Amino acid sequence: MQLSFLADTLFVHALVGVFVIVNPFGNVPLFISLTQKLTPAERKNAIIKSVIIATAILLVFALIGKVLFDMLNVTLDSLRIAGGLLLLAIAFDMLMGRSPASKIDEDEERESVAVTPMATPLLAGPGAMTTVMILMNEADTPVLKGSIMLAILLAMIAAFVILINCEWVYNVIRKDGARVLTKIMGIVLATIAVEMAVKGLLHAFPALGV
C-alpha cells in the first residue's frame, strides 16, 4: 500500500512538474514565431525533432542524475533546495511574462532551430532537468523509477500533441490566452518549487520542523 502511494505521488509530481515546466501553451506563440520562415511540413518536422531531442535529454538526465551527483558528492537535500529555488525563479519569470527564447540569427541554419532554442532551453531547460533528477533520486525501487520515466514520456507526449497543432491552438487561445495559461502554470510550478525546497530544508535541518 505504501509503495503504491509513493509511486502515485511521484508519478503525479513528475507528470505535472514536467508538463508545467515544458509549458507547451506558453511555447505555442514562440514556436510559431521561431518557425515562421519554414513551410508547414518543415515546421512539423522541426517540432517533432525538438520534442524527441527534449525527451531524450530528460530521460538521460533522469537515468544518470544519481550517478552524476554521487560523483560530485552532492546530497539529495542540497539538490532539492537548489532545484526548488531554480524552479521558483522559472515560475517567477512565467508569472512576469518573461521568456527564455533567444533571437535566431539570419545566417543560422533553419533546421538548427529545432535543437536550439526549441528543444533546449524552451522544452528541456535546467528546471525540467533538475526536476527529473530530483524525482529519480527519490525513487528507490524499480517500480518508482519506472513510474517517473512513464510520467516523463506522457508529459512530453501531451506537450507534443499541443505543439504539433500549434497553429490551431494559437487560433483558439490567441496570445492573451497563452499568457493566462502560462501564469496559471507558473502558480502551480511555484507551489511545486516551494514544496521541494521546504522538504529539502526540513531534511537538511531537522530542527526547522520543530
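Please refer to the structure higher up on the page.
What this report covers is the structure whose coordinates are included nearby.

Cut-offs and rules
- Here the residue numbers are simple positions, counted from 1 along each chain's written sequence.
- Selection of residues for local features in this predicted model requires a pLDDT of at least 70, selection of side-chain atom pairs for listing and counting requires 80 or more, and totals for whole chains, interfaces and linings are taken over all residues.
- With hydrogens and water excluded, all non-hydrogen atoms of the structure serve as input to the side-chain values.
- A helix here means a DSSP run of H or I that spans at least four residues, while a strand means a run of E at least two residues long, and both kinds are numbered starting from the N terminus.
- We call a residue buried when its accessible area falls under 20% of the maximum for its residue type, exposed when it is over 50%, and partly exposed in between, using a 1.4 Å probe and counting protein chains only.
- Surface exposure here means Shrake-Rupley accessible area, sampled with a 1.4 Å probe, where a residue is shielded only by the protein chains that are shown.
- In this analysis an axis means a line fitted to C-alpha atoms, helices contributing only their contacting stretch, and an angle means the value between N-to-C directions, from 0 to 180 degrees.
- Should an angle fall under 35 degrees it is taken as roughly parallel, and over 145 as roughly antiparallel, whereas 65 to 115 is taken as roughly perpendicular and any remaining angle as oblique.
- It is the rotation of the near helix from the far one that decides the hand of a crossing: anticlockwise by less than a right angle makes it left-handed, clockwise makes it right-handed.
- In the scheme used here, Gly and all other residues not listed as nonpolar or charged are polar, with Ala, Val, Leu, Ile, Met, Phe, Trp, Tyr, Cys and Pro taken as nonpolar and Asp, Glu, Lys and Arg as charged.
- The span one expects for a helix is its residue count, reduced by one, times 1.5 Å.
- Note on bend: the value at a residue is the angle between axes fitted to the seven residues ending there and to the seven starting there.
- Two joining distances apply to patches: 9 Å for like charges and 5 Å for nonpolar side chains (Val, Leu, Ile, Met, Phe, Trp, Tyr), and every residue must have over 30% relative accessible area and no salt bridge.
- Only one rule defines a salt bridge in this text: a Lys or Arg side-chain nitrogen within 4 Å of an Asp or Glu carboxyl oxygen.
- Residues grouped as a nonpolar core are buried Ala, Val, Leu, Ile, Met, Phe, Trp, Tyr and Cys residues, joined through side-chain atoms within 4.5 Å.
- Residue contacts are defined here by distance: any two heavy atoms, one from each residue, within 4.5 Å place the two residues in contact.

**Some remarks on the overall build of the chain**
Within the chain one finds 8 helices and 0 strands. Mapped in sequence order, the helices and strands of the chain form the string α-α-α-α-α-α-α-α. Residues classed as buried in the chain amount to 42% of the 210 residues present. Accessible surface computed for the chain: about 11,300 Å², of which carbon and sulfur atoms make up 69%.

**Remarks on the packing of helix 4 (residues 76-96) against helix 8 (residues 166-204)**
At their nearest, the axes of helix 4 and helix 8 sit 7 Å apart, and the two run at 160 degrees to each other. Taken together, the axis directions place helix 4 and helix 8 in an arrangement best described as roughly antiparallel. The way helix 4 lies across helix 8 gives a crossing that is left-handed. Its residues assigned to classes, the contact of helix 4 with helix 8 comprises 18 nonpolar, 6 polar and 4 charged.

**Focus on helix 8**
Taking 1.5 Å per residue, 39 residues should reach 57 Å; helix 8 reaches only 43 Å between its end C-alpha atoms and comes up short. Of all the bends in helix 8, the greatest measures close to 85 degrees and is centred on R174.

**Concerning a nonpolar patch on the surface**
A cluster of nonpolar side chains, namely V12, V16, V180, I184 and V188, defines an oily patch on the protein surface of about 360 Å² accessible area. Listing elements by their share of the nonpolar patch, those giving two or more residues are helix 1 (2-22) and helix 8. Its location among the elements puts V12 in helix 1. Given the relative accessible area of 43%, V12 is considered partly exposed.

**Observations regarding the nonpolar core**
Within the largest apolar cluster, 59 residues are counted, with the highest numbers of intra-cluster contacts made by V18, I47, L58, I148, I152 and M156. Those elements that provide at least two residues to this core are helix 1, helix 2 (24-34), helix 3 (40-71), helix 4, helix 5 (115-123), helix 6 (126-138), helix 7 (142-164) and helix 8. The dominant element in this core, judged by the number of residues it contributes, is helix 7, at 11 residues. Filtering out sequence-adjacent residues up to four positions away, I152 remains in contact with V18, L58, L59, A62 and V132.

Any link to function would need more than the numbers given here.
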